[in-house]
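Below are the chains, spelled out letter by letter.
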Amino acid sequence: MVTPTEVKGPLRFLAIGGGPSPESTEVSLEQDIELVRRALPPPGVVLFAGGTRSESVRELDPGLEGDPVLLALGDLFAPRAGRGSRYRAPRFSAERATLENVEALLSSALAAGDVPLIVHIAAHGDQGPDARSNSVALWGGHSLTVARLAELHERHQRALRLVATSCFSGGFAELVFAHADPNAGPSSVPRCGLFAGTSDRKTSGCDPNPDRRMQDSYSLHFAHALSGLQRDGTALPAGSADYDQDGKIGLLDAHTWARIQAVSFDVPTTTSERWLRSVGTGLAPIDTAFLPEDSAVIEQLGKALALEDEAAVAKRWAELDQRLERLSDKLDEAEQALAERAADQATSVLERWPVLDDPFHPGFALSFQQNRGALSAALTGSTQARARAEAGERVQWLNNEFDRVGLEEARVLRLSRAYETLHRASALMKKGGPQAKYYSSLVACERAVP
């Protein structure tokens, strides 16, 4: 990989990834960026977490050992995901993915070059009060918002193609509008984007387990397809992901492959879909010729889910949505009960050993050492411990059930949105005019081959 000082000529791509801290920089983000950086045309620059010199990639390590009593104490007073993980540096050359670096490289890359700049973001995302306020969380805790990216791009005229796989990444579909503002009309600079989820939904793909066989997400399938691979690393069968039949795998091809293949919570979207839903031309009978990608989703994902028509999709989604609503209510109650049981146990421990909720207290080490046996019994064998454990099992069961139903709901919703997109596109193209022309340009942009 090249660094900015080594680049000769305008950048063709920027790949931005990782989380705001080592704990939130799961290895799957690194794996996705590794595939993408190899698939995109050079020259390009990777900005990832703390950069090459930082041990900022988190991997699960089941072999890690620690004091079981100390770990149980930490689980009660300061639970966190990273305790069963190890950390290492990225396996490729990368700059630090700070907001300062990201904005500087975006600005310089957009200021030069005749071919479109591809920006791929594999990171965590946050939801704002409106879609244009959604953001990606960058190293060090600062965020890049949709509105800020629009501002940076509109200072230049170079075309931009954005792929973002973070939670709430569909907020970046607002880039279809000038200033990312739905009231400002279409963007005055050429750009388009493909996203792992809608502006109001979380996405899958932040997994600390390095075993790709245990992962599943839009991001995983998109990155593999862009490289001409299936998720197991074998070559894609000829033509299987070439939905527009141009002999190559473009961005929209990889996006469509991921919509069909991913067994995940992702409900992907694009800038062209956002435009369709903003122009308000209504619905029309489906003409499959214009959008072979959505037609493939209906045919292949519909077959996988045994949903043969639009009515069956609507019925199934309504059933799943109601089940999720009921499960959500039960989960809220169970989590409240768990919080109460945890508070009871914490109070019981602190009544006897008042400094053990603060490992930085000068008296912590001595109190822990002198009372280790009694503390172990209080943490694992007391009435409060058993009540907390039972409440935790209830929460875990409900979470597993919510996830099971949620996985199907997301896939069914992808089908529903494909039908809606085809209806809306058919209506818009039948009507014609500037809105239809702009829509066609967006789809062409999204279909581009890197």
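Bear in mind the structure is a predicted one, so any value in this text is a computation, not a measurement.

Draft legend 1. Broad picture of the packing of aromatic side chains. The tally for this structure, following the rule as stated, stands at 6 aromatic pairs. With a centroid separation of 5.5 Å and 75° between ring planes, the pair formed by Phe48 and Phe92 is classed as edge-to-face. With Phe48 in strand E2 (residues 44-48) and Phe92 in the loop between strand E4 (85-88) and helix H3 (99-110), this residue pair connects regions lying 44 residues apart in the sequence. Residues Phe48 and Phe92 agree in their burial class; the two are buried. Geometrically, the ring pair formed by Trp275 and Tyr438 is edge-to-face, given 4.8 Å between the ring centres and 90° between the ring planes. Of this pair, Trp275 sits in helix H7 (residues 271-279) while Tyr438 sits in helix H13 (residues 434-446); the two residues are 163 residues apart in sequence, bridging distant segments of the chain. By relative accessible area, which is 16% here, Tyr438 ends up buried. One aromatic cluster is present, built from ring pairs that chain together Phe177, Trp275 and Tyr438.

Draft legend 2. Summary view of a negative patch on the surface. A contiguous patch of negative charge, built from Glu325, Asp329, Asp332, Glu333 and Glu335, is present on the exposed surface. For Glu325, the position within the fold is in helix H9 (residues 310-352).

Draft legend 3. How the structure looks around the state of the cysteines. Enumeration over the complete set of coordinates arrives at 1 disulfide. Shown here is the disulfide that connects Cys192 with Cys445, its sulfur atoms set 2.0 Å apart. Measuring handedness by torsion sign, the sulfur bridge of Cys192 and Cys445 sits at about -75° and is left-handed. Remark: Cys445 occurs in helix H13 and Cys192 occurs in strand E9 (residues 191-195); sequence separation between them is 253 residues. A relative accessible area of 3% means that Cys192 is categorised as buried. Classification of Cys445 as buried rests on a relative accessible area of 14%. The thiol sulfur of Cys206 is not disulfide-bonded, and the nearest other cysteine sulfur, from Cys167, lies at 6.1 Å.

Draft legend 4. Examining the environment of Ser21 more closely. Inspection of the secondary structure assignment puts Ser21 in the loop between strand E1 (13-18) and helix H1 (27-39). For the pair Ser21 and Trp397, spaced 376 residues apart in the sequence, the C-alpha separation amounts to 30 Å.

Draft legend 5. Up close: the side chain of Thr165. Mapped onto the elements, Thr165 comes out in the loop between strand E8 (160-164) and E9. The residues touching Thr165, leaving out its near neighbours within four places in the chain, are His120, Ile121, Ala122, Ala123, Ala196, Thr203, Ser204, Tyr218 and Ser219.

Draft legend 6. Structural detail: helix H4 (residues 146-153). Among the residues of H4, Val146, Leu149, Ala150, Leu152 and His153 are the ones counted as buried. Buried residues of H4, seen end-on, are gathered within an arc of 165° and therefore sit on one face of the element.

Draft legend 7. Quick peek at the side chain of Ser54. Structurally, Ser54 is set in the loop between E2 and strand E3 (57-60). Setting aside residues no more than four positions away along its own chain, Ser54 makes contact with Arg88, Ala89, Pro90 and Trp139.

Draft legend 8. Representation of the nonpolar core in the model. In this structure, Leu14, Phe48 and Val119 are the most contacted members of the largest nonpolar core, which totals 100 residues. Counting residues per element, this core draws most heavily on helix H12 (residues 383-431), at 10 residues. Ignoring anything within four residues of it in the chain, the contact list for Phe48 reads Gly17, Gly18, Thr25, Leu29, Glu30, Ile33, Val57, Pro90, Phe92, Ala94, Glu95 and Ala97.

Parameters and conventions
Residues numbered from 1 in each chain as written. Predicted model: local features only at pLDDT ≥ 70, side-chain atom pairs only at ≥ 80, totals over all residues. Heavy atoms only, no water. Phe/Tyr/Trp six-rings, centres within 6.5 Å; stacked < 30°, edge-to-face > 60°. Helix = DSSP H or I, 4+ residues; strand = E, 2+ residues; numbered from the N terminus. Buried < 20%, exposed > 50% of the residue type's maximum accessible area, 1.4 Å probe, protein only. Patch = residues over 30% accessible without salt bridge, like charges linked within 9 Å, V, L, I, M, F, W, Y side chains within 5 Å. Areas by Shrake-Rupley, 256 points an atom, 1.4 Å probe, with all protein chains shown as cover. Salt bridge = Lys/Arg side-chain N within 4 Å of Asp/Glu carboxyl O. Lys, Arg positive; Asp, Glu negative; His and termini not counted. Charge placed at Lys NZ, Arg CZ, Asp CG, Glu CD. Disulfide = S-S within 2.5 Å. Contact = heavy atoms within 4.5 Å. Arc of directions from axis to C-beta. Core = buried A, V, L, I, M, F, W, Y, C linked by side-chain atoms within 4.5 Å.

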